[in-house]
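Here is how the chains run, residue by residue.
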Amino acid sequence: MTGALDPASTQALAISILWWVFFWTGLFVFAAVLVALVVACVRGRRRARREGSAAEAVPERSLEQRRERAVLAATVLSVVILIGLLVASIVGGRYIYGNPSPPLPVKVIAHQWWWEIQYPGPRSSDLVVTANELHLPAGRTAELELQAADVIHSLWIPNLQGKRDLIPGHTTRLSILPERVGRYDGHCAEFCGLEHARMELPVFVESPERFSAWLTAQRRPAPAPSTPEAERGARIFTKGPCAMCHTVTGTDAAASVGPDLTHVASRAWLAAGALPNSPRNLRAWLSDPQRLKPGSQMPPTGLSESELDDVVHYLGSLR
Ligand code: HEC
Ligand SMILES: [Cu+2]
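Residues numbered from 1 in each chain as written. Chains lettered and ligands numbered in written order. Predicted model: local features only at pLDDT ≥ 70, side-chain atom pairs only at ≥ 80, totals over all residues. Heavy atoms only, no water.

1. A closer look at the nonpolar core
In this structure, Val106, Trp115, Tyr119, Leu134, Leu144, Leu155 and Leu160 are the most contacted members of the largest nonpolar core, which totals 33 residues. Elements with a minimum of two residues in this core: β1 (104-111), β2 (114-119), β4 (134-137), β5 (142-148), β8 (172-176), β9 (182-188), β10 (200-206) and α3 (208-219). Excluding anything up to four places from it in sequence, Val106 contacts Ile117, Gln118, Tyr119, Leu134, Leu136, Glu143, Leu144 and Glu145. Counting 25 residues, the second-largest nonpolar core is a separate cluster that includes Leu261, Leu282, Leu286 and Leu292. (Core = buried A, V, L, I, M, F, W, Y, C linked by side-chain atoms within 4.5 Å. Buried < 20%, exposed > 50% of the residue type's maximum accessible area, 1.4 Å probe, protein only. Helix = DSSP H or I, 4+ residues; strand = E, 2+ residues; numbered from the N terminus. Contact = heavy atoms within 4.5 Å.)

So, in structure tokens, the structure goes:
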């Protein structure tokens with residue numbers, strides 16, 4: 001985890017440089033104006049004391065010329081500064097929007113209140129669908145295609161890029177060239193309803209090797225249950241209401257109302273950053289999602305204690 005002002009991608013660096021250029025220029029101009037104001041006041045007072053009230057009635061010719069020159073110089077300087085800032089923002093914009101080929105295509109679909117992530121592959125069967133965490137390889141531009149399933153959301157990963165809205169029925173794009181391996185925080189940055197605050201998207205920037213190992217693992221279907229508990233859990237999962245909302249590739253569960261759970265045990269968080277992923281938290285989530293994330297679109301499951309144990313076993317085996 002790093003502070004929000006620490007850029008870790010080409011785009012975030014461009015935004016950061018632009019911001020500091022504007023900040024220092026603005027500060028310089030502000031300070032210069034204040035200094036000029038103070039100098040003018042002090043001089044004016046001195047002259048008034050020296051010459052009395054007659055001072056301004058008949059302005060001195062040389063004084064008048066000096067003033068004209070000062071105003072002209074200030075005008076030229078302002079124009080030069082404004083042109084400089086314009087050039088800086090055009091150059092910065094090129095870095096923010098430019099996308100050298102070949103980019104890694106990633107689809108991000110915002111739901112109330114979780115993130116669906118898709119990595120298309122060379123063949124349609126290579127499609128990886130996951131949720132609530134974004135993996136990106138360092139050193140390669142990722143071209144995010146942003147969509148919303150319900151209302152307007154906004155994706156903001158301060159260390160990697162500026163904000164971009166996700167709008168129902170309208171695809172937007174965001175390109176990111178991450179430069180530094182690490183974990184960064186992504187958030188929904190547009191109020192989208194009750195659980196807007198718990199709609200986080202942790203981002204893992206990994207070395208290209210680690211990333212492709214991760215992607216290959218995610219492409220595999222879910223492992224078959226290997227213990228009696230997990231087997232019972234799998235049956236409860238695929239025969240019960242879970243399968244009406246969730247997918248586990250390789251089983252009959254193929255719905256997409258909720259997050260894809262094919263490799264849920266490999267994820268660091270549950271319910272979009274609401275709680276760290278552990279068997280205990282998973283059990284707590286399944287026993288009452290509405291207590292942990294009130295208003296979330298997952299209804300109470302009504303599982304008995306022993307059924308809960310079995311389902312937790314099963315989901316815990318989905319690495
Ligand atoms: C009516 C649809 C629906 C049903 C039925 C349902 N879920 Fe969910 N589930 C969701 C939604 C929507 C979310 C996302 C909630 C959020 O984060 O706001 C979710 C989240 C989850 C998560 C967290 C996934 C993650 O990566 O964050 C798990 C695990 C889960 N459900 C398991 C189950 C199990 C097991 C069952 C059956 C006992 C079940 N769900 C039944 C809709 C459903
Ligand atoms: Cu939101």
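After presenting the structure, the write-up continues.
2. A closer look at the site of ligand 1
Not every one of the 27 residues close to ligand 1 is listed here, only the nearest: Cys242, Cys245, His246, Ala271 and Met298. Asn132 is positioned with one of its side-chain polar atoms (N or O) 3.1 Å from an oxygen atom of ligand 1. His246 is positioned such that a nitrogen or oxygen atom in its side chain is 2.8 Å from a nitrogen atom of ligand 1. Those elements that place two or more of their residues in the shell around ligand 1 are α5 (242-245), α6 (279-287) and α8 (305-316). The leading source of residues in the shell around ligand 1 is α6, at three residues. Its residues assigned to classes, the shell around ligand 1 shows 19 nonpolar, six polar and two charged. (Near = heavy atom within 4 Å. Polar contact = N/O pair within 3.5 Å; in protein donor to acceptor, adjacent residues only side chain to side chain. Nonpolar A, V, L, I, M, F, W, Y, C, P; charged D, E, K, R; others polar.)

3. Structural notes on the coordination of the iron atom of ligand 1
At the metal site, the iron atom of ligand 1 is ligated by His246 (NE2) and Met298 (SD), and these contacts range over 2.0 to 2.2 Å. The site at the iron atom of ligand 1 holds six donor atoms, and with the angles between them running 86 to 179 degrees, its shape is octahedral. You can see His246 sitting in the loop between α5 and β11 (269-270) and its partner Met298 sitting in the loop between α7 (289-292) and α8, a full 52 residues away along the chain. Side by side, His246 and Met298 carry an identical accessibility label, which is buried. (Donors = N, O, S within 2.8 Å, 3.2 Å for Na, K, Ca; no water. Tetrahedral: all angles 85-135°; square planar, octahedral: opposite > 155°, others 65-115°.)

4. Digging into the coordination of the copper ion (ligand 2)
Each donor-metal-donor angle would ideally measure 109.5 degrees in four-coordinate tetrahedral geometry, or 90 or 180 degrees in six-coordinate octahedral geometry. At the metal site, the copper ion (ligand 2) is ligated by Cys188 (SG), Glu190 (O), Cys192 (SG) and His196 (ND1), and these contacts range over 2.0 to 2.7 Å. Considering all four donor atoms around the copper ion (ligand 2), angles at the metal cover 88 to 124 degrees and the coordination shape is tetrahedral. Counting gaps between the donor residues of the copper ion (ligand 2) yields the pattern C-x1-E-x1-C-x3-H. Here Cys192 falls in the buried class, since its relative accessible area comes to 4%.

5. A short note on helix α4 (residues 228-239)
Count 3.6 residues to each turn of an α-helix, and residues three or four apart come out pointing the same way. For α4, spanning twelve residues, the distance from its first C-alpha to its last is 16 Å, which sits close to the expected 16 Å at 1.5 Å a residue. Of the positions making up α4, those classed as buried are Ala230, Gly233, Ala234, Ile236, Phe237 and Thr238. Contact partners of the buried residues in α4: α5 and α8. (Expected span 1.5 Å × (residues − 1).)

6. Observations concerning the sheet that holds β5
Spatial ordering of the open sheet is given by β3-β2-β1-β5-β8, a layout of five strands whose pairing is mixed. Bordering the open sheet on either side are β3 (128-131) and β8, each of which pairs with just one other strand. If you compare each strand with its neighbour and ignore which way they point, the axes differ by 25 degrees on average. Across four bridges, β2 lies against β3 in antiparallel orientation. Bridged to Tyr119 within β3 is Val128. Across the sheet, α3 is in contact with β1, β2 and β3; its angle to β3 comes to roughly 100 degrees. (Pairing = 2+ DSSP bridges. Axes fitted to C-alpha atoms, helices over the stretch in contact; angles between N-to-C directions.)

7. Considerations on the domain arrangement of the protein
Bring the parts together and some accessible area is lost; that lost area is often taken as the interface size. Splitting the protein by domain gives domain 1 (10-97), domain 2 (104-215) and domain 3 (228-316). Each of domain 1 and domain 2 has a C-alpha centre, and the two are 43 Å apart. On the side of domain 2, ten residues touch domain 1, which itself brings six residues to the contact. Here domain 1 and domain 2 share an interface that buries about 610 Å² over both sides, 37% of which is from carbon and sulfur atoms. Summed over the three residues of domain 1 that lose the most area to domain 2, namely Thr10, Gln11 and Ala12, the buried surface amounts to 65% of that side. Run the count over domain 1 and domain 2 and you get zero salt bridges. (Domains from an automatic or database assignment. Buried area = accessible area lost by both parts, 1.4 Å probe. Salt bridge = Lys/Arg side-chain N within 4 Å of Asp/Glu carboxyl O.)

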